[in-house]
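Chain residues, written in single-letter form:
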Amino acid sequence: MLEGVRVLDRTSEIAGPYCSKLLADAGADVVKVEPDGGDPLREWRNGALFEFLNTSKRSVVGEASALEAAADILVAGSPVDLDAAWAANPSLVVVTVTPFGCEGPWADRPATEFTLQAWCGSTGFRGYPDGDPIAAGGRLGEWITGTYAAVGALAALRRARTTGRGEHVDVAMLDCMAVTMSIYPSVFASFFGWPPLEGTGRSIEVPSIEPTADGYAVFTTNSAQQFQDFCILVERPDFLADEKLARPQVRFERREEFLRGVHEYTTKHTTDEILDAAALLRIPSGPVLNGATVPQFPHFKERNVFVPNPSGRFVQPRVPFRIAGTASRPFTAAPALGADTGTVHWQPRQASSRNGARPVSDGRLPLEGLRVIDCTAWWAGPAAPHALGGLGADVIKVESVTRPDLMRYASTRPPSVDQWWEWGPLFHAVNIDKRGITLDLGRPEGVELFERLVRTADVLLENYTPRVMEQFGLGWERLHEVNPELVMVRMPAFGLDGPWRDNTGFAQTMESISGLAWVTGFADGPPVLVRGACDPLAGMHAVFATLLALRERERSGGGGRLVESVMVEAALNAAAEQVIEFSLTGTAPHRDGHRSPYAAPQGIYACAGNDHWLALAVTTDEHWRALRSALGDPEWARDPRLEAIDGRRAEHDRIDKELRAGTASRDADELAELLCDAGVPAAVVIPSRDVAANPQLRHRGLFELERHPVTGDHEIPTLPFRFTGVGGWLRRPSPVLGQHNAEVLGELGIGPDELTRLEADGIIGNRPAGL
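Residues numbered from 1 in each chain as written. Predicted model: local features only at pLDDT ≥ 70, side-chain atom pairs only at ≥ 80, totals over all residues. Heavy atoms only, no water.

## Quick word on the overall build of the protein
For the protein, the helix and strand inventory stands at 30 helices and 24 strands. Its C-alpha atoms give the protein a radius of gyration of 26 Å, near enough to 28 Å, the size a compact globule of 771 residues would have. With respect to the three principal axes, the spread of C-alpha positions in the protein is 85 × 70 × 50 Å. Within the span of the protein, comprising 771 residues, buried residues form 62% of the whole. Summarising the internal contacts of the protein: among those between residues at least 6 apart in sequence, 75% fall at separations of at least 24. Approximately 27700 Å² of the protein is accessible, and the part contributed by carbon and sulfur atoms is 50%. Measuring between centres, the 75 positive side-chain charges of the protein sit 2 Å from its 101 negative side-chain charges. (Helix = DSSP H or I, 4+ residues; strand = E, 2+ residues; numbered from the N terminus. Rg over C-alpha atoms; globule rule 2.2 N^0.38 Å. Buried < 20%, exposed > 50% of the residue type's maximum accessible area, 1.4 Å probe, protein only. Contact = heavy atoms within 4.5 Å. Areas by Shrake-Rupley, 256 points an atom, 1.4 Å probe, with all protein chains shown as cover. Lys, Arg positive; Asp, Glu negative; His and termini not counted. Charge placed at Lys NZ, Arg CZ, Asp CG, Glu CD.)

## Some remarks on helix H8 (residues 185–192)
For H8, the buried fraction is high: six of the eight residues fall into the buried class. Within H8, the full set of buried residues consists of Pro 185, Ser 186, Val 187, Ala 189, Ser 190 and Phe 191. Check the buried side of H8 and you find it contacts helix H16 (425–429), strand S22 (703–708) and strand S23 (712–717). Of the residues trailing H8, Gly 193 is marked for its positive phi of about 85 degrees.

## What to know about the packing of aromatic side chains
A ring pair, where both rings are aromatic, is described by two values, the distance of the centres and the angle of the planes. Going through the model one piece at a time under the given rule, you end up with 24 aromatic pairs. With a centroid separation of 4.3 Å and 20 degrees between ring planes, the pair formed by Trp 44 and Tyr 598 is classed as stacked. Note that Trp 44 is positioned in the loop between strand S2 (29–34) and helix H2 (48–53) and Tyr 598 in the loop between helix H23 (576–585) and strand S19 (602–606), a separation of 554 residues in sequence. Residues Trp 378 and Phe 506 carry aromatic rings whose centres are separated by 5.0 Å and whose planes lie at 85 degrees to one another, so their mutual orientation is edge-to-face. Remark: Phe 506 occurs in the loop between strand S17 (487–490) and helix H20 (507–514) and Trp 378 occurs in the loop between strand S13 (371–375) and helix H15 (380–390); sequence separation between them is 128 residues. (Phe/Tyr/Trp six-rings, centres within 6.5 Å; stacked < 30°, edge-to-face > 60°.)

## Some points on the environment of Ala 383
Its place among the elements puts Ala 383 in helix H15. Each C-alpha atom of the pair Ala 383 and Arg 6 lies 28 Å from the other, and the pair is 377 residues apart in sequence. When residues no more than four places from it in sequence are discounted, the contact partners of Ala 383 are Val 430, Pro 536, Gly 539 and Met 540.

## Re the sheet that holds strand S20 (residues 613–617)
Ordered by their spatial adjacency, three strands build an open sheet running S19-S20-S21, and the pairing between neighbours is antiparallel. The sheet is open, and its two borders are formed by S19 and strand S21 (682–684), each paired with just one other strand. On average, adjacent strands in this sheet sit at an angle of 20 degrees to one another, irrespective of strand direction. Note that S19 and S20 share five bridges and pair antiparallel. Looking across to S20, one finds that Ile 604 is bridged to Ala 615. Against the sheet, helix H5 (residues 113–120) engages S19, S20 and S21, with an angle of about 20 degrees to S21. (Pairing = 2+ DSSP bridges. Axes fitted to C-alpha atoms, helices over the stretch in contact; angles between N-to-C directions.)

## Thoughts on the sheet that holds strand S24 (residues 721–723)
Read from one edge of the open sheet, seven strands run S3-S2-S1-S4-S5-S6-S24, paired in mixed fashion. Across the chains shown, the open sheet's two edge strands, defined by having one partner strand only, are strand S3 (57–61) and S24. Going across the sheet, the axis of each strand differs from the next one's by a mean of 20 degrees, ignoring polarity. By the bridge criterion, four bridges tie strand S4 (residues 73–76) to strand S5 (residues 93–98) in an arrangement that is parallel. By the bridge assignment, Leu 74 is partnered in S5 with Val 94.

## With respect to the pattern of salt bridges
For the structure on display, the rule yields 64 salt bridges. Measuring nitrogen to oxygen at the nearest pair gives 2.7 Å for the salt bridge that ties Asp 242 to Arg 254. With Asp 242 in the loop between helix H10 (237–241) and helix H11 (248–253) and Arg 254 in the loop between H11 and helix H12 (255–266), the pair connects residues that are 12 residues apart, well separated along the chain. What makes Asp 242 partly exposed here is its relative accessible area of 22%. (Salt bridge = Lys/Arg side-chain N within 4 Å of Asp/Glu carboxyl O.)

## Here's the deal with the state of the cysteines
What the rule picks out here adds up to zero disulfides. Cys 534 takes part in no disulfide bond, and the closest cysteine sulfur to it belongs to Cys 120, at a distance of 15 Å. (Disulfide = S-S within 2.5 Å.)

## So, the pairing of strand S18 (residues 561–565)
Most of S18 sits inside the fold, with five of its five residues counted as buried. Burial of the side chains of S18 extends over both faces: Arg 561, Val 563 and Ser 565 are buried on one face and Leu 562 and Glu 564 on the other. Inspection of the sheet shows strand S12 (residues 321–323) paired to S18 by three bridges, in the antiparallel sense. Counterpart to Arg 322 in the pairing with S18 is Glu 564.

## Some thoughts on H5
Within H5, eight of the eight residues are buried, which leaves it mostly tucked inside the rest of the structure. Along H5, the residues classified as buried are Glu 113, Phe 114, Thr 115, Leu 116, Gln 117, Ala 118, Trp 119 and Cys 120. Where H5 is buried, its residues contact helix H6 (140–163), helix H7 (173–178), S19, S20, helix H27 (668–677) and S21. Positive backbone phi, at 95 degrees, marks Gly 121, one or two positions downstream of H5.

## Describing the nonpolar core
Grouped together as the largest cluster of nonpolar side chains are 174 residues, with contacts concentrated most on Ile 73 and Val 95. Here this core takes 13 residues from H6, the largest share from any one element. Setting aside residues up to four positions removed in sequence, Val 95 forms contacts with Ile 73, Leu 74, Val 75, Ala 76, Ala 149, Ala 153, Val 169 and Val 171. Counting residues in hydrophobic clusters, the runner-up holds 30 residues, among them Leu 449, Phe 450, Ala 457 and Leu 562. (Core = buried A, V, L, I, M, F, W, Y, C linked by side-chain atoms within 4.5 Å.)

## A word on the packing of helix H21 (residues 534–555) against helix H22 (residues 567–574)
Running from N to C, H21 and H22 point in directions that differ by 105 degrees, and their axes come no closer than 9 Å. Considering their axes alone, H21 and H22 lie roughly perpendicular with respect to each other. Contacts between H21 and H22 involve Cys 534, Asp 535, Leu 537, Ala 538 and His 541 from the first element and Met 567, Ala 570, Ala 571 and Ala 574 from the second. (Parallel < 35°, antiparallel > 145°, perpendicular 65-115°, else oblique.)

## Some words on the packing of helix H1 (residues 15–25) against H6
If you want to describe how two helices pack, look at the angle between their axes and the distance between the axes. Running from N to C, H1 and H6 cross one another at 45 degrees; their axes reach a closest spacing of 7 Å. As far as their axial angle goes, H6 and H1 are oblique. Classified by chirality, the crossing of H6 by H1 is right-handed. Contact with H1, carried on its side by Ala 15, Tyr 18, Cys 19, Leu 22 and Leu 23, involves Glu 142, Trp 143, Thr 145, Gly 146, Thr 147, Ala 149, Ala 150 and Leu 154 of H6 and no other residues of that element. By residue class, the composition of the contact of H1 with H6 is nine nonpolar, three polar and one charged. (Left-handed = near helix turned anticlockwise from the far one by under 90°. Nonpolar A, V, L, I, M, F, W, Y, C, P; charged D, E, K, R; others polar.)

## Some words on unusual backbone geometry
Here the amide bond leading from Val 206 into Pro 207 is cis, since omega sits at 0 degrees, within 30 degrees of zero. The residue Pro 207 is located in the loop between H8 and strand S7 (209–212) in this model. Look at the link from Ala 600 to Pro 601: it is a cis peptide, with omega at 0 degrees. Along the chain, Pro 601 falls in the loop between H23 and S19. One non-glycine residue, Arg 139, lies in positive phi territory at about 50 degrees.

## Structural notes on the side chain of Arg 591
Looking at where Arg 591 falls in the secondary structure, it is placed in the loop between H23 and S19. For the buried Arg 591, no salt bridge is present, and the opposite-charge side chain at shortest range is Asp 524, 7.6 Å distant. Among the polar contacts made by the side chain of Arg 591, one reaches the main-chain carbonyl oxygen of Trp 518 at a distance of 3.0 Å. A distance of 2.9 Å separates a polar atom in the side chain of Arg 591 from the backbone oxygen of Gly 525. With near-sequence residues (within four places) excluded, Arg 591 lies in contact with Tyr 216, Trp 518, Val 519, Thr 520, Gly 521, Phe 522, Ala 523, Gly 525, Pro 526 and Pro 527. (Polar contact = N/O pair within 3.5 Å; in protein donor to acceptor, adjacent residues only side chain to side chain.)

Encoded structure:
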């Protein structure tokens with residue numbers, strides 16, 4: 001699909017290479033430019049993670065300005081001289097992937113994925129109030145950032161091909177993690193009126209990962225119905241009778257009592273027995289797997305989700321989406337260092353303009369002129385059309401009065417308040433830049449109107465279980481007949497076939513089945529949920545696949561495409577290192593608190609005051625020397641055994657004890673500033689809602705003002721990358737239920753009298769049925 005697209009990759013580690021991996025997997029010619037010593041990931045453990053991330057790429061060492069002048073996309077891990085780049089190549093799309101972005105007060109601050117978790121609020125919202133905050137394992141923020149970077153790259157390339165003008169896609173890891181690794185806490189706080197908060201406000205979902213007779217199982221009770229069914233599953237009708245327990249916060253406050261009752265059931269049954277019973281009740285649930293057990297999961301085996309790496313050394317997850325009618329490229333093994341130096345000869349796309357002038361934006365967004373029908377719900381699904389809408393598409397969200405998007409019901413107002421369903425913070429966050437209509441697809445007249453709308457669309461996205469659209473009579477075959485040019489993007493939790501095809505799944509399910517939860521938590525404790533990140537991760541993979549399908553439709557001269565973008569397979573790619581490591585060594589990575597094979601010391605350290613914490617990551621010997629100096633070079637730190645990372649890792653317990661003693665009387669903010677000024681990655685573990693006050697995010701404009709007819713004015717975080725000449729992404733507030741019925745249906749020729757009749761008949765409406 002990207003055959004002929006030239007990508008120059010000047011990045012290392014995970015985020016940038018995963019961006020260019022997605023492009024390479026789709027057929028782009030990716031040339032990796034490396035220093036003499038190569039990407040440091042080549043030397044990490046057995047080099048297998050490098051091989052996974054750099055499959056089907058070429059490698060050159062040394063000067064590559066001639067290639068940059070002929071490339072379509074440059075992916076860089078540090079700021080780029082844009083004037084020089086565009087003088088040589090006016091249509092070049094420059095994608096920078098950095099911790100904080102290329103400009104702003106924190107642009108040069110040292111950071112790792114671990115310290116960025118603290119700054120973005122992720123660490124502070126996970127854990128028990130009487131224990132340490134818990135960071136997510138697996139460097140998840142880097143994989144998320146790489147996915148957003150790939151989306152930005154394709155969108156910018158689309159505009160560059162149309163206008164002939166280049167673009168700078170400024171991707172910041174902090175921004176990407178702020179909108180994915182916690183659940184829009186600042187929006188919730190704003191809707192609640194910023195009530196007082198004690199400590200970081202961390203919590204654990206109850207129920208979530210629970211022990212069974214032979215392991216663990218995960219349960220999701222996002223809706224009232226799911227919680228009621230869970231109470232039936234665990235044979236506790238008394239929980240059903242206690243109306244207060246229906247509220248998640250009450251369950252967390254009474255967690256010891258509640259979980260004691262839950263475990264009386266779960267520990268007496270095997271995981272398989274529990275999951276079979278949960279499936280009958282349609283409770284989102286799953287096993288908690290790791291690098292050893294994930295590839296053996298029967299559903300994955302039947303669908304051939306894991307494939308050999310081209311090197312033949314290990315197995316890896318396949319590309320997490322499929323586009324019907326397109327052939328996969330023949331994958332090749334990752335290149336040896338400099339294997340292609342002197343052999344890559346790209347010819348410039350156009351004559352160079354040596355006047356140094358930057359491309360001038362015409363104000364058009366990359367996806368203007370496209371119409372997208374959004375038949376999604378909750379978070380993972382809506383996140384995809386939310387991004388398409390931000391990038392300029394006309395997105396029409398379709399709900400019904402009998403079944404609105406249930407994320408509306410995660411409300412900050414009680415049912416006694418009129419229009420309480422319009423006060424769902426997460427609904428607002430992922431449904432800006434959309435118009436909204438209601439249609440009852442369970443009735444023939446609603447289906448007929450929907451098909452008329454489909455005839456006007458370029459893309460349709462849905463994330464129901466596969467049976468739902470088929471029950472409506474709106475499967476791919478019918479919709480392709482209605483509109484042969486339609487790109488239909490299906491986002492099932494587990495895929496369109498296989499034994500788990502019709503199982504429901506949420507982020508919690510994906511985190512557990514993929515292994516991400518397995519590496520989160522303390523070594524002597526249970527696995528812990530990441531809480532939410534797999535939703536937007538799946539959504540952005542679906543956006544990437546959508547852009548590929550649109551490009552292929554245009555390149556081939558027309559014809560719609562069916563896209564299958566599978567939620568769990570996106571998570572499996574982000575957790576790939578676990579399976580790769582087990583495949584090679586027979587050892588599955590395990591959770592180890594805040595410690596990391598990449599850094600020593602690394603941890604969360606209590607500081608002066610109530611629930612104040614410092615996050616610290618020493619990834620190099622230079623960081624260690626700077627830390628010693630910043631702390632006054634205490635005697636314990638002068639031990640020669642601590643000079644190298646292996647020695648520090650062996651002495652981690654002793655180092656932690658000394659650091660805890662040293663930080664206990666220090667102010668967390670002052671200490672973080674002192675260490676960052678010394679070049680040491682450090683951060684304050686902030687309450688997650690305080691991310692909205694971060695000076696770097698304020699500078700970059702991540703938060704934009706939504707002016708809503710019901711909820712009023714609230715700041716919403718938007719797309720986590722910046723485009724040259726695009727001042728912001730928010731152009732319209734999230735829609736009130738059925739808000740644009742007259743507008744959208746009027747575009748289909750439906751007049752006022754007919755609209756009145758449709759509302760009287762319940763085909764359309766603006767209030768949930770029965771409310």
